[in-house]
Amino acid sequence: MKEELITKAYEVAKERYAALGVDVEKVMEQLQKVAISMHCWQADDVLGFESGSSLTGGIQTTGNYPGKARNMEELRGDILKAASYIPGKHRLNLHEIYGDFGGTFVDRDQVEVKHFESWMQWAAENGMKLDFNSTSFSHPKSGNLSLSNPDKSIRDFWIEHTKRCRAIAEEMGRRQGDSCIMNLWVHDGSKDVTVNRMKYRELFKDSLDQIFATEYKNMKDCLESKVFGIGLESYTVGSNEFCVGYSVQHQKLITIDTGHFHPTESAADKVSSMMLFVELMLHVSRPIRWDSDHVTIMDDPTLELFQEIVRCNALDRVHIGLDYFDASINRIGAYVIGTRAAQKCMLRALLEPLAKLREYEAAGQGFQRLALLEEAKALPWNAVWDMFCLKNNVPVGEEFIAEIEKYEAEVTSKRN
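Residues numbered from 1 in each chain as written. Predicted model: local features only at pLDDT ≥ 70, side-chain atom pairs only at ≥ 80, totals over all residues. Heavy atoms only, no water.

Participant: So what's going on with the overall build of the protein chain? Residues and values would help.
Facilitator: Looking only at helices and strands, the protein chain features 14 helices and 10 strands. A globule of 416 residues ought to have a C-alpha radius of gyration of about 22 Å, and the protein chain, at 22 Å, matches this closely. Along the first, second and third principal axes, the C-alpha set of the protein chain runs to 65 × 55 × 40 Å. Expressed as a percentage of its 416 residues, the buried residues of the protein chain come to 55%. Sequence separation of 24 or more characterises 81% of the internal contacts of the protein chain that already satisfy a separation of 6 or more. Summed over all atoms, the accessible surface of the protein chain reaches about 18500 Å², with 50% contributed by carbon and sulfur. (Helix = DSSP H or I, 4+ residues; strand = E, 2+ residues; numbered from the N terminus. Rg over C-alpha atoms; globule rule 2.2 N^0.38 Å. Buried < 20%, exposed > 50% of the residue type's maximum accessible area, 1.4 Å probe, protein only. Contact = heavy atoms within 4.5 Å. Areas by Shrake-Rupley, 256 points an atom, 1.4 Å probe, with all protein chains shown as cover.)

Participant: Can you explain helix H14 (residues 399-410)? Please cite residues and give values.
Facilitator: Spanning 12 residues, H14 covers 18 Å between terminal C-alpha atoms, matching the ideal 16 Å at 1.5 Å per step. Residues of H14 that are buried in the fold lie against helix H3 (72-83) and helix H10 (331-350). (Expected span 1.5 Å × (residues − 1).)

Participant: How would you explain the sheet that holds strand E3 (residues 130-133) if you had to name every residue and give the values?
Facilitator: The sheet built from eight strands closes into a barrel, its strands ordered E1-E2-E3-E4-E6-E8-E9-E10 with parallel pairing. Ignoring which end each strand starts from, the neighbouring axes of this sheet average 30° apart. Both strand E9 (residues 280-284) and strand E10 (residues 318-322) contribute to a ladder of five bridges, which runs parallel. What sits directly across from Leu280, in E10, is Val318. Sitting on the sheet, helix H7 (residues 240-250) is in contact with strand E6 (219-224) and strand E8 (253-257), with an inclination near 155° to E6. (Pairing = 2+ DSSP bridges. Axes fitted to C-alpha atoms, helices over the stretch in contact; angles between N-to-C directions.)

Participant: Report on the pairing of E10, specifying residues and quantitative values.
Facilitator: Burial analysis of E10 places five of its five residues in the buried class, which makes it a mostly covered element. Of the two faces of E10, the one holding Val318, Ile320 and Leu322 and the one holding His319 and Gly321 are both buried throughout. Across two bridges, strand E1 (residues 36-39) lies against E10 in parallel orientation. Bridge pairing in E10 links Ile36 to Ile320.

Participant: Quick rundown of the nonpolar core? Include the residues and the values.
Facilitator: Phe306, Ile320, Leu351 and Val384 are the most contacted members of the largest nonpolar core, which has 53 residues in total. Here Leu351 is in contact with Tyr17, Val22, Val24, Val27, Trp381 and Val384, once residues within four sequence places are set aside. Listed in part, the 44 residues of the second largest apolar core include Val46, Ile97, Trp119 and Met128. (Core = buried A, V, L, I, M, F, W, Y, C linked by side-chain atoms within 4.5 Å.)

Participant: Break down unusual backbone geometry for me, with residues and values.
Facilitator: Residue Asp45 is not a glycine yet carries a positive backbone phi of 65°. The residue Asp45 is located in the loop between E1 and H3 in this model.

Participant: Before we move on, can you summarise the packing of aromatic side chains with the specific residues and values?
Facilitator: By the definition in use, this model includes 11 aromatic pairs. Summarising the aromatic geometry, the rings of Phe137 and Trp185 are spaced 6.3 Å apart at their centres and angled 50° between planes, so their arrangement reads as tilted. Of the two residues, Phe137 is situated in the loop between E3 and helix H5 (152-176) and Trp185 in the loop between strand E4 (180-184) and strand E5 (189-190); the sequence distance between them amounts to 48 residues. Residue classification places Trp185 among the buried positions, given a relative accessible area of 10%. Judged by centre distance (6.3 Å) and plane angle (15°), the ring pair of Phe242 and Tyr246 falls under stacked. Note that Phe242 and Tyr246 are positioned in helix H7 at a spacing of four residues, about one turn of the helix. Under the relative-accessibility criterion, Phe242 is labelled buried at 14%. Overall, the relative accessible area of 4% leaves Tyr246 in the buried class. (Phe/Tyr/Trp six-rings, centres within 6.5 Å; stacked < 30°, edge-to-face > 60°.)

Participant: Give a description of the environment of Pro263 that names residues and reports values.
Facilitator: Topologically, Pro263 is positioned in the loop between E8 and helix H8 (267-275). You can call Pro263 exposed: its relative accessible area is 67%.

Participant: I'd like a rundown of a nonpolar patch on the surface, residues and numbers included.
Facilitator: A contiguous nonpolar surface patch, about 190 Å² in accessible area, is contributed by Ile297, Ile329 and Ile337. Its place among the elements puts Ile337 in helix H10. (Patch = residues over 30% accessible without salt bridge, like charges linked within 9 Å, V, L, I, M, F, W, Y side chains within 5 Å. Salt bridge = Lys/Arg side-chain N within 4 Å of Asp/Glu carboxyl O.)

Participant: So, the environment of Ser138: which residues are in play, and what are the values?
Facilitator: Position of Ser138 relative to the elements: it lies in the loop between E3 and H5. Under the relative-accessibility criterion, Ser138 is labelled buried at 12%. In the structure, Ser138 is positioned 88 residues away from Glu50 in sequence and 9.9 Å away in space, judged by C-alpha atoms.

Participant: Help me get a handle on the pattern of salt bridges, residues and values and all.
Facilitator: On inspection of all chains with the given rule, the structure shows 30 salt bridges. Residue Lys356 is joined to Glu359 by a salt bridge in which the shortest nitrogen-to-oxygen separation is 3.3 Å. Residue Lys356 and its partner Glu359 are located together in helix H11 (residues 354-362), separated by three residues, close to a single helical turn. You can call Lys356 partly exposed: its relative accessible area is 28%. The class of Glu359 is partly exposed, set by a relative accessible area of 44%. In the salt-bridge network here, residues are joined through shared partners; they are Glu11, Lys14, Glu25 and Lys391.

Participant: Before we move on, can you summarise H7 with the specific residues and values?
Facilitator: Within H7, burial applies to Asn240, Phe242, Cys243, Tyr246 and Ser247. The arc that holds every buried residue of H7, seen down its axis, measures 165°, which confines them to one face. Exposed residues on H7 whose side chains face more than 90 degrees from its buried face are Glu241 and Gln249. The secondary structure elements touched by the buried residues of H7 are helix H6 (197-211), E6, E8 and H8. Gln251 sits one or two positions beyond H7 and adopts a positive phi of about 55°. (Arc of directions from axis to C-beta.)

Just geometry here; none of it tells us what the structure is for.
If you want it as structure tokens, here you go:
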């Protein structure tokens, strides 16, 4: 009976949208192709498998909900469990500290492709392509400065680390037959006033020049900016202006993290400007009082971000990833809520009666344009979403809640 009701509602939705020139079947096909890069660090609070120590370097997690993944087997199991409740085929985004180090310590300037061999095999077996990140935080040599450190020995350490990460990403991309997107973010900055802004940025630029000297065919480099890090509030070396300038000059992807700007800035407004020059990587979270990395929900800023991507006809030039780490709630649930919310935002963006809206705008019909934008909010997009879930054999509506509760009772609650 439930499937019958979903089908009836879907057929009504198709008619409603068709009247406004929207082909719902085509939208469903488009959404099916949108792969979101799930972030491995939600499952274990960004600790990784290097040392299990606490976070340092301008970031932190809050909360102590029981059941976090303690090792690679548990983390992989949790990721697959979360993916089973999310419609479509998605990717996995790895930080370097999640390598398969075999129980031995491998310093970050010594990491090799072999440390991710099991990840590549696992990803292939599960139909999940990989993306990658260098890791400059939570290390004795992190300090306040890494790639911009005036101490050449420290700077060279991080340069070598990042070069090796690019080589790993290249092999991941080659093996999976699709470019591995490698993100580069460093926490470098100062807690208080600095009088050497230019010096650190010159050093950072020189480090990047060395890192990117080798060209690869199977990976794409991203550069991610930030306003500030915890304990580094006064100055950030890799500011938005620096990262945009460098990325455009050297044709690297720009990473837009929705929590990495001033609270009054619109991440969506940046898309059309940046897309004129480079491809984009998105790190989607929910910033509350700035970069708090709350679980992504279907809120206005996220919806506007995805609407802008569709309005720019940029689905093939934007890569979508999630970047939050909430340790205060069930971590598998956090994965599912956030990924499904991002998909819902993309669906609503694809269902927007854009042709009609642009017709009104071209004719100077401002009232009609605004009226349709408002009425479109109440169109039955949720009926299309339910059908999308049904066709992908994943729980419809809130059904996944009970399933995750069962997994918690049987699996994660038994972890010490």
